[in-house]
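# Descriptive analysis of the structure
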Amino acid sequence: MVLLITFLFIAVIARLIYIEAVTGEELQARALEQWYRDVPLRAERGKITDRNGVVLATSATVYTIYARPVAVTNKEVTAAVLSETLELKYDAVLSKINSRSSEVTVKHGVDKDTVLKIAESGATGIYVSENIERVYPYGDLLTQVMGFTNSDVVGQTGVEAYYNAYLEGKDGYVLTEADLVGREIEDGVTYYVPGTAGATAKLTIDYNVQSFVENIIAKAKATHNAKGVSCVVMNAKTGEIIAMAENPSFDLNNVPRDDVKELLETSRCKLISDVFEPGSTFKILTAAIGLDTGAITTDYRCYCGGALTVDGQRIKCWRTIGHGSQTFAEGVQNSCNCMFMNIAMNVGVSGFYAGLEKLGVTSKTGIDMSGEASGLTIAESAVKTVDLARIGFGQAIAMTPIELLRAAAAVVNGGNLVTPYIMDSIVAADGSELYKAQPEIVSGVIKESTSVVMREVLESVVLVGSGKNAQVTGIRIGGKTGTAQKYENGAIARGKYVSTFIGFAPADDPEYISLIVVDEPVGAYYGGIVAAPYVGEIFKNLYQYRS
């Protein structure tokens, strides 16, 4: 008996030690859950601003009305107050507060004035929690870039999703001492635990530039009755995105969640997620690779008879009667397909693919946005001479617009491959800097001498060639037009084109580079007519704004 009692005593002591030392904190937390009722306090989501501090996304405080049925003393009166004040059906409200649930939600998104009216009514058993609602002061500005949040204010697309970990704060809560059935204890203890606001994110975007770019592409879409128009303006030397716009879009304060097809189509940033056959804008890369590898020189000449036969296939130039004998500069100015087929074949498959790799064509750009796609190229081992000829003038290859812009920037900025980026810095609520972007640059992807020649030749395209409509008095602009047929189900879609123009300024020392993509214009479709004028207009506005 003594041994048995001793054993039981030791077992009880051991159990007490285990409960106190091992499970004490867990049991204490479970006890607090029984003794207290908590109401969440949603933390304020961090702001998003442009590079100059203009607020592009912020948060507004709204309230959620709760009821604890056991604490409601006169349910009919309370239901009447709530239904009238919140504009709800009386029967629905009464049904909720007659339920056996410990707590029911009456309504989300209630403003402060309405909350005060309910508080002044004397209704019992009613509780309020703060919530945060995302607000975009400029509606449909930067729709695809900014992205949007869900009902819990968690980023779903765009910057809101990519930088969600920085933008979301830490929620707080209110603990109210209650009895076993959830009724608040009179003179009980209430604890208020505040939340921590999310960090403020500053983009590289300039609100003013973004605004006039969006207006210009809206005009381009309307003028040419296009399916869509998109445009990006980037610092050619650093990769900072100054503006990135797409039309059509939607108001971020009224996300079309009920129409999934429309939402997916208009919320996706096509500039980074969709690939297309670049057409003649790709000739910038072909010319640069030809010069850089020594396959051609500035003295190179080529004869265009309107077509070239390669591997038994007759490939037409866009000018079916031909351009005749041309210098290298004239071939670029005329955007002659035969010229660029010959350049690509002179370089050869291995040299050409090595050049594409240096210019970043075979990889993602690394832009800090979700959903970036990779370009599509024929495997080098499978490339035939006829394929190489077509790639030379922008067919048989597909790229994202941002990938094309990045490669073109390297050609004209002295041979430096930049990584595009849209986030400048992120600062915590206490003022500490959490993130600061540093330009990522790979230097020497082409020779400086090659870049100098390409800047001069591309400026001549705007002065006397196919890009004349991009001219702006007082600004030296270089660029290249592009017009490509679209494909549907593996076949050419007749009458459907993508018209593009890449422009940079100043032409002798590029600071900005811009790409505009006009999808399925109606009527005129050549890039020199449909796209080039709008890049010229962008640069005109940009330099007026800066002056």
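Every chain's residues receive numbers from 1 upward, in the order its sequence appears when written. Reporting of local features is limited, given that this is a predicted model, to residues whose pLDDT is at least 70; pairs of side-chain atoms are given and counted only at 80 or more, and all residues count toward the totals for whole chains, interfaces and linings. To get the side-chain values, take all heavy atoms of the structure and skip hydrogens and water.

To continue, consider the packing of aromatic side chains. Each Phe, Tyr or Trp ring, with Trp reduced to its six-membered ring, pairs with another whose centre is within 6.5 Å; inter-plane angles below 30 degrees give stacked pairs, above 60 give edge-to-face pairs, and intermediate values give tilted ones. If you walk through the whole model with that rule in mind, you get nine aromatic pairs. For the ring pair Y163 and Y166, a centre distance of 6.3 Å and an interplane angle of 45° mean the geometry is tilted. Relative accessibility thresholds used throughout: buried, under 20% of the residue-type maximum; exposed, over 50%; partly exposed, between the two (1.4 Å probe, protein chains only). Exposure remark for Y163: the relative accessible area of 5% places this residue in the buried category. By relative accessible area, which is 32% here, Y166 ends up partly exposed. Look at Y497 and Y525: their rings are 3.8 Å apart centre to centre, the planes differ by 5°, and that puts the pair in the stacked class. Within this pair, whereas Y497 is found in strand 20 (residues 491–505), its partner Y525 is found in the loop between strand 21 (512–519) and helix 19 (527–530), the two being separated by 28 residues in sequence. With a relative accessible area of 23%, Y525 lands in the partly exposed category. Numbering of helices and strands runs from the N terminus; a helix is a DSSP stretch of H or I covering at least four residues, while a strand is a stretch of E covering at least two.

Here the focus is the state of the cysteines. Note on terminology: disulfide denotes any pair of cysteine sulfur atoms within 2.5 Å. Inspection of the entire model under this criterion finds zero disulfides. Looking at C231, it has no disulfide partner, and the nearest cysteine sulfur is the one in C269, 12 Å off. Of all cysteine sulfurs, the one in C304 lies closest to C338, which takes part in no disulfide; the gap is 3.7 Å.

Two distance rules govern patches: like charges are joined within 9 Å, and nonpolar side chains (Val, Leu, Ile, Met, Phe, Trp, Tyr) within 5 Å, applied only to residues with over 30% relative accessible area and no salt bridge. To measure how exposed things are, a 1.4 Å probe is used in the Shrake-Rupley method; for residues, cover is taken only from the protein chains shown. By definition, a salt bridge exists where a carboxyl oxygen of Asp or Glu is found within 4 Å of a side-chain nitrogen of Lys or Arg. On the surface, a cluster of nonpolar side chains totalling about 590 Å² of accessible area is made up of F9, I10, V12, I13, L16 and I17. Here I10 shows up in helix 1 (residues 2–21).

It is worth spelling out the layout of surface pockets at this point. The volume enclosed by the largest pocket comes to roughly 810 Å³. The distinction between a cavity and a pocket rests on a 1 Å grid over the protein atoms alone: a 1.4 Å probe fits inside a cavity but cannot get out, while a pocket stays open yet meets protein on both sides within 12 Å along at least five of seven lines, and a residue with an atom within 4 Å of a point counts as lining. As for the largest pocket, its lining consists of 33 residues, of which S280, W318, N337, T483 and Y526 are closest to the centre. Mapped onto the lining of the largest pocket, the elements with two or more residues apiece are strand 13 (313–316), helix 13 (328–334), strand 19 (478–488) and helix 19. The element contributing the most residues to the lining of the largest pocket is strand 19, with five residues. When residues are sorted by character, Ala, Val, Leu, Ile, Met, Phe, Trp, Tyr, Cys and Pro go into the nonpolar class, Asp, Glu, Lys and Arg into the charged class, and all the rest, Gly among them, into the polar class. Along the lines of polarity and charge, the residues of the lining of the largest pocket split into nine nonpolar, 18 polar and six charged. Grid points are joined across faces, edges and corners, and a volume is the space filled by probe spheres set on the points. As a volume, the second largest pocket reaches approximately 680 Å³. For the second largest pocket, the lining is made up of 28 residues, of which V275, F276, K486, V498 and D519 are closest to its centre. Listing elements by their share of the lining of the second largest pocket, those giving two or more residues are strand 9 (228–235), strand 10 (241–247), helix 10 (260–267), strand 19 and strand 21. Here the lining of the second largest pocket takes four residues from strand 19, the largest share from any one element.

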